[in-house]
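Secondary and tertiary structure notes
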Amino acid sequence: MNEQDAAPTETDWLCTKCELPLEMGKVNVGYLGSMFPVDLLRCRRCGQVFIPEELAMGKMVEVEKLLEDK
Amino acid sequence: MKSSETCRLYEKPALREAGGGLIRPGGLELTMRAVALSGLCPGSLLLDIGCGTGAALRCLAETGKFRVVGIDLSSDLLAEGRRKNPELSLSQASGAALPFADGSMDAVLAECSLSAMEDVEAALDGCARILKLGGLLLVHDVYARAPHGKTRLQGLPVKTCLTGAVSKDEWMARLESRGFTVTLWEDYSSALKEFAARLIFSCGSLEMFWNCSGSASEVERGRQTYHTVSSAKPGYFLALAKKAHSVRKDGER
Amino acid sequence: MDQEELGKLEARCIQEQPAACAAACPVHVDARALSAAVAKGDFASAAKIFRKSVPFPGIISRICDHPCEAVCKRREAGEAVSIRAIEKACLDWAEDFRDTGIPLSKKDKRVAVAGGGLSGLTAAFDLARKGYSVEVFEKEARLGGSLFRFSENDLPHDIVEADFKVLEKVGITVKLNVSVGDDISLDEICEEFDAVYLAPGGESDEETRGRGNRLTKALRIDLIDPLTLAATTPKVFAGGSIRRPPERRSPIESISDGRRAAISIDRYLQNVSLTASRIGEGPYETRLFTRTEEIEPLPETSMADADRGYSMEEAILEARRCIQCQCLECVKVCEYLNSFGSYPKKYVRQIYNNLSIVMGHRHANKLINSCSLCGLCREVCPDDLHMGLVCRKAREIMVKQGRMPPSAHDFPIRDMLFSNSEKCALARPQPGTETSSHLFFPGCQLCASSPEHVRKTYSLLCEKLSGGVGLMLRCCGAPAEWSGRVDLFSDSLSDVKLLWDQMGRPQIILACSTCYEIFRTHLPEAEIVSLWEVLDLLGLPEPAQNDPVASRVLAIHDACSTRHEKHIHESVRNILRRIGFKMEELPLSREKSECCGYGGLMFFANPELARNVINKRIRQSEADFLAYCAMCRDYLASGGKRTLHLLDLVFGAPIDSAAQRRGPGYTLRHENRVRLKNMLLKELWGESAAGEEYYGMIRLSISDELRELLEKRQVLDSDIQQVIDFAERSNTKLLNRRTGRFLAHYKPAAVTYWVEYTFSDGEFVIHNAYTHRMEISEEAKL
């Protein structure tokens, strides 16, 4: 992730199940048959991921449209 | 278009990070597939033309089956490569002037490197020359699926494999005119899409990616570049070309 | 869609057809472009256009018989544009520059031209430019032929001379005082030359008085081929005034003949087909259609000095009278066609290209998915081109090829499936009956928007009709049909058919125009009738007829899907009249009605376009609108327009609140359908409601502002409830230590929903929600 996404809230998020702060790691994301790793905040124990609103409604939408236009 | 004016996108860190250290679609998987399909004998001597940091070469060397050598124009990438893989033979040379004897190579690997070159024709001449008869050229590269958008591509100030894309027919002509027989052509455009998707995640958007210097004035140019590139409908292919016969300069066999 | 079908559709669009003037001109001078240039004051460009088509511009600009002016569309709004006078003005006011073109390399063939008039000289000029050796035989002592019948005032000799200078430049040999036929025979000419063009001119009075000419007597004028201008003798071609009786002789036609003969001779000498691809060489009638009704009539610009011709200012004024003929009839009425900046001929080609190449292009995908399929274009097109048919077929092909972007139609398809699910769907005969002679099918959107109206209407029908009125709550399948999902639509239709069959194949009463169209087309075995026709026939319930406010005027927005059903249009208007309303016909109404933006799922594939469509429509009248389709009503109301549904008036709803009501959001639409079924089951059949999903009991607190955002993002309350249900039961959620809020996500089907919430006082306060379609792989890592 680039600088814009590494906001001060990085360490604010806690996985309630494991009671661990989230850490950056490689997460596989995919759509319509394509899959690839992306750096995201996630719980190192259970793998629960955090996807912020800007990412979901921004880059993800762009990628979805790109992959949809077959 | 002078090379000093062009921005060499393949040296940009964002590009290299997106592919997980490799600056092109398909990654190592595609390299290994190409080699597996080629049926090259153990002990073959293989040149990676445009080897970058030598990641593909290392992978191939680790199989123990091949002797590998790589060349690239970028001293930055080569320096990094030599640091990471000191045992590999990596040299700085231009694709247009290959420092190898005629018929000395069993195979040449050109991974998304030909269309990024200044002088593709010379590079292809070189590949044909240094390959022995029956030797293989393993290419995977970009091609333009809507060739009428191509001429505008050539007018862009950024130089990458995407802006150098030509149609499938032109690729075939390029290879066949030099005495190659194309034994395989596979479309891997989905790999290109994935690569673009990764770029979006690392750079913010495709338009931002094309924005070389990051300055505000470049933003509009970045946007136009993005649209010019997408209107040529870029695709990605893997091809195996066997050197069937030699072609003299004047076109006679 | 194959090439041939595509070609036929493309050809229907006449936008690229030439303007009437250019088509009628024997040499096709582009007078429209010429006028546009002069209108801007660019005489140089205009002169260039003129000279490109006419070899002797000075002469023609003075004596042309201008067939263009006879067909000029400006005649229908004033007087025809004085094209010839403008052409002369171009030559007067632009620099004289004549480009003869460099003759091609010399060919070794020799051509003889008999007659040094306009026709012969045009042929000679064209052939010389192609590299042939040309010799002109002229019986008089000077070139020009019948040009000298014009007075010096009309056609000054120095103008003729100036025009003829080009003949020297291209190197033509001229033999004056030699008459072919008298001084030298045609046979001799034929022997010496490789091809011959005879343009001896029309007979003058002297000749008809008896002298005649052996040539003109020998030539079988009636046997000159009209297409190629070939005469019966091999290598001989003929044209010009000789081909026409005196009253139909025309300088510009003579030039055209000369030009066409040169083409024929060139082909003849190269031994290629004389006839292939020769359409449109001479004058013809254009297929272009140009509407002139709304254009303000303007008379011809007068000349201060008739001998001099137009001054620069006068020429510019006159050129501005040119209408710049176009068709664009469909673009004028359809915001979709307008918004993509072009016209159907180009669109059809783009769509075809998009389908035939391997990789879709986003722009073309959007073009295909944005059309409402309503067919208004066909209604106004002079050639009946229906863009909706093209787009609909394209969508089907894209779905088949696996290339339809899911995000375009996923939401409305899911809505349709929900309407047909156990929670909402119902198919029963009237309580207390076994068979049904009628079946009320209100449609999914009326149930979603006004469940009360459905209940009241059903009650009314049961009261007034005998034989049993069944009830079917379902979606007719339109979203599947519109999005090209043939299999899904087929399944939906089979279900309806089966149920209808089981109920005894009753007559179906349809409250929705889209359902009407779908059943009319795809269930032809069923007898269908519109609810409006039924009400018109049966009469209205009591309150409707005594409304004191009824003297208001309502502008009627007809549903686009039943644009051809006149009986429905009439029934609606009869009902309004009976209730006592005055009606206004919108500029585009009845068979020309515009779609509200729901048709073809436009609103989901291209929300921006749909909003523009709605805004344009509601501005077409100051009056309140009346719609008889639930979606039309809700969409028009969403733009801020007071819009009533016909059932509001039939059941005597308070006018103001009904007209100002905004349509329910997606969540409420779902709930309304479910509640309607449950309520009817209980009231009419005495059955208890189906149990609610356990997550349905989760109480949510959502601010109005957030509601709007959720609506925009197409997030339903039930989606939020499912996320919270999952998060709380499995304790899989994130906590933001700074804000104290929870964030959880869940993917019930294709979309992943993220919800930010806190829990307080037994309810979940929702702070934010967003979605994405990409899947994330969350594996436990040890």
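Notes on the structure follow. Each residue is numbered by its place in its chain's sequence as written, counting from 1. Ligands are numbered from 1 and chains lettered from A, in the order in which they are written. Local features in this predicted model are restricted to residues whose pLDDT is 70 or higher, and side-chain atom pairs enter the listing and the counts only when it is 80 or higher, whereas totals over whole chains, interfaces and linings include all residues. Only hydrogens and water are set aside when side-chain values are computed; all heavy atoms of the structure are taken into account.

**Regarding the sheet that holds strand E7 (residues 438-441) of chain C**
Residue and element names in this part refer to chain C. Taken together, the five strands give an open sheet; going across it, the order is E6-E8-E7-E9-E10, and neighbouring strands pair in mixed fashion. Either end of the sheet is taken by a strand with one partner, and the two such strands are strand E6 (426-428) and strand E10 (528-530). Pairwise comparison of adjacent strand axes, ignoring direction, gives a mean angle of 25 degrees for this sheet. Note: two strands are recorded as paired if DSSP finds a minimum of 2 bridges between them. By definition, any uninterrupted DSSP run of H or I lasting at least four residues is a helix, any uninterrupted run of E lasting at least two residues is a strand, and each is numbered from the N terminus. One ladder, built from three bridges, connects E6 with strand E8 (residues 469-473); its direction is antiparallel. Among the inter-strand pairings, leucine 426 is bridged to a residue of E8, identified as leucine 473. Throughout, a contact is declared for two residues whenever any of their heavy atoms are within 4.5 Å. Inter-axis angles, ranging from 0 to 180 degrees, are taken between N-to-C directions of lines fitted to C-alpha atoms, where helices are fitted over the stretch in contact. Along the sheet, helix H26 (residues 513-522) contacts E7, strand E9 (507-510) and E10; its crossing angle with E10, the most-contacted strand, is approximately 160 degrees.

**Side note on the interface of chain C and chain A**
How big an interface is tends to be reported as the loss of accessible area on association of its parts. Taken together, the contact between chain C and chain A spans 38 residues of the former and 40 residues of the latter. Buried area, as used here, totals the accessible surface that two parts lose on assembly, with accessibility defined by a 1.4 Å probe and the loss added over both. Both faces considered, chain C and chain A share a buried interface measuring about 3,500 Å² in area, 55% of it formed by carbon and sulfur atoms. A salt bridge links Arg713(C) to Glu53(A); the nearest nitrogen and oxygen atoms lie 2.7 Å apart. Here a polar contact is taken to be a pair of N or O atoms separated by no more than 3.5 Å, where protein atoms must pair a possible hydrogen donor with a possible acceptor and residues adjacent in sequence count only if both atoms sit in side chains. Our enumeration of links across chain C and chain A arrives at 17 residue pairs in polar contact (both at pLDDT 80 or more). The set of elements that each furnish at least two residues to the side of chain C that touches chain A consists of helix H18 (362-370), helix H21 (406-419), strand E16 (734-736), strand E17 (742-746), strand E19 (763-772) and strand E20 (775-776) of chain C. The dominant element in the side of chain C that touches chain A, judged by the number of residues it contributes, is E19(C), at four residues. Note on residue categories: nonpolar means Ala, Val, Leu, Ile, Met, Phe, Trp, Tyr, Cys or Pro, charged means Asp, Glu, Lys or Arg, and polar means any other residue, Gly included. Here the side of chain C that touches chain A is composed, by residue class, of 13 nonpolar, 13 polar and 12 charged. The sheet contact formed by strand E3 (residues 23-31) of chain A and E20(C) spans two bridges and is antiparallel. Opposite Val29(A), over in E20(C), you have Ile776(C) as the bridge partner. Think of a salt bridge as a Lys or Arg side-chain nitrogen and an Asp or Glu carboxyl oxygen that are within 4 Å of each other.

**Quick look at the sheet that holds E16(C)**
Across the sheet, which stays open at both edges, the seven strands sit in the order E2(A)-E1(A)-E16(C)-E17(C)-E18(C)-E19(C)-E15(C) with mixed pairing between neighbours. With partners counted over all chains shown, the strands left at the sheet margins are strand E2 (20-21) of chain A together with strand E15 (700-701) of chain C, one partner each. Pairing analysis gives five bridges linking E17(C) to strand E18 (residues 752-760) of chain C, with the strands arranged antiparallel. Bridged to Phe742(C) within E18(C) is Tyr757(C).

**Examining the pairing of E8(C)**
All names here are of chain C. With five of its five residues buried, E8 lies for the most part within the structure. For each residue, the accessible area found with a 1.4 Å probe, counting protein chains only, is set against the maximum for its type, and the residue is called buried under 20%, exposed over 50%, and partly exposed in between. Burial along E8 is two-sided: the face carrying Val469, Leu471 and Leu473 and the face carrying Gly470 and Met472 are both buried. Sheet analysis places E7 next to E8, joined by three bridges and oriented parallel. Bridged to leucine 439 within E8 is glycine 470.

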